[in-house]
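Per-entry structural report
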Amino acid sequence: MNIIWALLLLLGSSAGHPQQDSTHPLSQLFQATVHSAMIASQQDVPVSADHPPVKVDPQVTAPKVKGIYVTAYSAGGSRMNQLLDLIDKTDLNAMVVDIKDDAGYITYKTDNATLKQMGKPQPFIPDINQLMQRLNKHKVYPIARVVVFKDTVLAKKRPDLSFKNPDGTLWENGKGDSFVNPYSKEVWDYNIAIAKEAAKLGFKEIQFDYVRFPEGFEKRADTLKYVKNDKSRVDTVAEFVQYARKQLAPLGIRVSVDIFGYAASVPAAEGIGQDFGKISENVDVISPMVYPSHYTTGWFGAQDPDKEPYKTIKGSMADTHKKLDPLKDRKPIIRPWIQDFTASWLGSGHYEKYGKQQVQDQIRALKDAGVDEYLLWNASNRYSQGVAYK
């Protein structure tokens with residue numbers, strides 16, 4: 001602890017009271033040193049959903065993130081030129097890049113034996129190191145998206161790590177997707193191995209998605225064949241996140257998790273194992289997917305939520321604060337996913353074409369709710385032009 005006391009004395013003797021300025025280099029160094037010591041002290045504490053560790057930010061110099069979603073195809077293709085130009089010319093400063101996608105493919109070539117054995121690396125991003133160099137050159141804060149338990153690739157390779165029908169065949173949902181078992185520590189370690197390699201490549205944050213059991217799992221939990229223990233589904237999911245954070249925090253990596261937006265407005269979704277509060281107290285950043293199109297008639301007093309983006313986002317943030325405020329010092333950064341796509345599937349009269357105004361309405365609602373970080377989602381990575389991202 002001598003270095004901490006030395007830094008404290010140095011901060012106290014510096015002119016202008018820099019200890020009160022979190023942006024001062026010495027202040028940041030002091031915070032980082034203290035946080036590293038606290039993180040190290042937590043490594044031997046058993047993982048427990050009922051006893052989350054003290055929240056310590058492993059990356060005190062991280063910017064306030066305003067980012068966009070980038071598929072591996074875009075990251076490795078010509079569209080990346082347009083996306084980097086968008087970053088360069090606006091207040092956007094981050095990209096969430098698929099490193100393990102919705103099917104379970106690792107999106108770049110790797111020599112990691114574990115990743116090659118359990119996954120199926122594909123060269124969607126032809127040169128991952130070149131990509132990281134480009135992101136660094138354009139001062140992009142890089143976030144690696146890792147889809148966790150929705151993993152058809154691993155489920156087919158290792159049915160023993162998935163869910164089987166009573167006849168022994170691999171279970172699939174209506175879209176032909178398979179999930180792997182959140183009870184399996186082998187699955188945990190595989191995804192954390194992907195995250196650790198992403199950290200070595202230069203990603204500053206790991207965003208875990210599909211951190212849950214399949215939708216409607218409660219209806220088939222007693223008929224499917226799978227390995228489980230005496231933990232509840234909610235505690236199992238929360239403990240995966242806590243375990244991942246304990247592994248990644250010493251590397252200076254933040255952990256974020258995507259979660260259904262309405263999870264802030266309803267009790268815990270025990271069927272799929274998602275408790276908004278339990279997950280949030282174990283991550284650095286929580287990213288509720290609050291797309292107005294995903295709320296139905298009546299939510300937050302809107303007849304057609306997709307047509308009232310300001311009201312819908314404002315209401316969702318009120319519920320989010322209400323759910324997370326009791327966490328106090330364990331409350332994570334709130335960084336919602338917002339909508340930059342047109343939800344025409346809602347049918348005539350129930351949606352509107354999304355563009356500059358609708359995106360700005362959502363950003364304004366976030367600002368009015370005291371939330372200054374956000375991520376834009378468009379599955380094809382075509383983002384609206386002329387948006388003021390302040």
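In the block above lies the structure referred to throughout.
Because the structure is predicted, anything quoted here is derived from the model rather than measured. (Residues numbered from 1 in each chain as written. Predicted model: local features only at pLDDT ≥ 70, side-chain atom pairs only at ≥ 80, totals over all residues. Heavy atoms only, no water.)

Looking at the overall build of the protein
When its secondary structure is counted, the protein shows 12 helices and nine strands. Burial status across the protein gives 53% buried among its 390 residues. Across the protein, the fraction of contacts at a sequence separation of at least 24, relative to all contacts at a separation of at least 6, is 75%. Accessible area of the protein: about 17500 Å², with a carbon and sulfur share of 51%. (Helix = DSSP H or I, 4+ residues; strand = E, 2+ residues; numbered from the N terminus. Buried < 20%, exposed > 50% of the residue type's maximum accessible area, 1.4 Å probe, protein only. Contact = heavy atoms within 4.5 Å. Areas by Shrake-Rupley, 256 points an atom, 1.4 Å probe, with all protein chains shown as cover.)

What to know about helix 9 (residues 233–248)
Spanning 16 residues, helix 9 covers 23 Å between terminal C-alpha atoms, matching the ideal 22 Å at 1.5 Å per step. Summarising burial for helix 9: 14 of the 16 residues are buried, a large majority. (Expected span 1.5 Å × (residues − 1).)

Notes on the pattern of salt bridges
Where side chains of opposite charge bring their charged atoms close, a pairing between them can arise. This structure, assessed with the given rule, holds 22 salt bridges. With its nearest N and O atoms 3.0 Å apart, the salt bridge here joins lysine 231 to glutamate 239. Here lysine 231 falls in the partly exposed class, since its relative accessible area comes to 33%. One salt bridge in this structure joins aspartate 235 and lysine 278, with 2.6 Å as the shortest N-O distance. Placement of the pair is aspartate 235 in helix 9 and lysine 278 in helix 10 (residues 276–280), with a sequence separation of 43 residues. Accessibility expressed as a relative area gives 14% for aspartate 235, which makes it buried. One network of salt bridges, with partners in common, ties together Asp98, Asp102, Arg145 and Asp209. (Salt bridge = Lys/Arg side-chain N within 4 Å of Asp/Glu carboxyl O.)

Notes on the packing of aromatic side chains
This structure, assessed with the given rule, holds 23 aromatic pairs. With a centroid separation of 5.5 Å and 70 degrees between ring planes, the pair formed by tyrosine 291 and phenylalanine 341 is classed as edge-to-face. Separated by 50 residues along the polypeptide, tyrosine 291 in the loop between strand 6 (285–289) and helix 11 (309–324) and phenylalanine 341 in the loop between strand 8 (337–339) and helix 12 (356–368) bring together distant segments of the chain. Exposure class is identical for tyrosine 291 and phenylalanine 341. Each is buried. Considering the side-chain rings of tryptophan 299 and phenylalanine 300, the 5.5 Å spacing of their centres and the 55 degrees angle between planes classify their relative orientation as tilted. Overall, the relative accessible area of 24% leaves tryptophan 299 in the partly exposed class. (Phe/Tyr/Trp six-rings, centres within 6.5 Å; stacked < 30°, edge-to-face > 60°.)

Description of the nonpolar core
Of all hydrophobic cores here, the largest spans 105 residues; its most connected members are Met95, Phe208 and Phe240. Of the residues forming this core, the biggest block, nine residues, is contributed by helix 8 (residues 185–201). Here phenylalanine 208 is in contact with Val146, Val148, Asn191, Ala195, Phe240, Ala244, Leu248, Val255, Ser256, Val257 and Asp258, once residues within four sequence places are set aside. (Core = buried A, V, L, I, M, F, W, Y, C linked by side-chain atoms within 4.5 Å.)

Some remarks on unusual backbone geometry
Here the phi dihedral of lysine 139 falls at roughly 55 degrees; this positive angle occurs in a residue that is not glycine. At phenylalanine 300, a position not held by glycine, the phi torsion is positive, near 55 degrees. Along the polypeptide, phenylalanine 300 turns up in the loop between strand 6 and helix 11.

Comments concerning the environment of tyrosine 389
Looking at where tyrosine 389 falls in the secondary structure, it is placed in the segment after strand 9 (374–377). A C-alpha to C-alpha distance of 9.4 Å links tyrosine 389 and arginine 364, two positions 25 residues apart in sequence.

As for the pairing of strand 5 (residues 254–260)
A large share of strand 5 lies buried, amounting to seven of its seven residues. With burial as the criterion, each face of strand 5 is covered, one bearing Arg254, Ser256, Asp258 and Phe260 and the other bearing Val255, Val257 and Ile259. With four bridges connecting them, strand 4 (residues 205–209) and strand 5 associate as parallel partners. Directly across from phenylalanine 208, in strand 5, lies its bridge partner valine 257. In this fold, strand 4 hands off to helix 9, which returns the chain to strand 5; that crossover is right-handed. In this structure, strand 5 lies alongside strand 6, joined through five bridges in parallel fashion. Paired with aspartate 258 across the strands is serine 287, a residue of strand 6. (Pairing = 2+ DSSP bridges. Right-handed = clockwise from strand over helix to strand, strands pointing away.)

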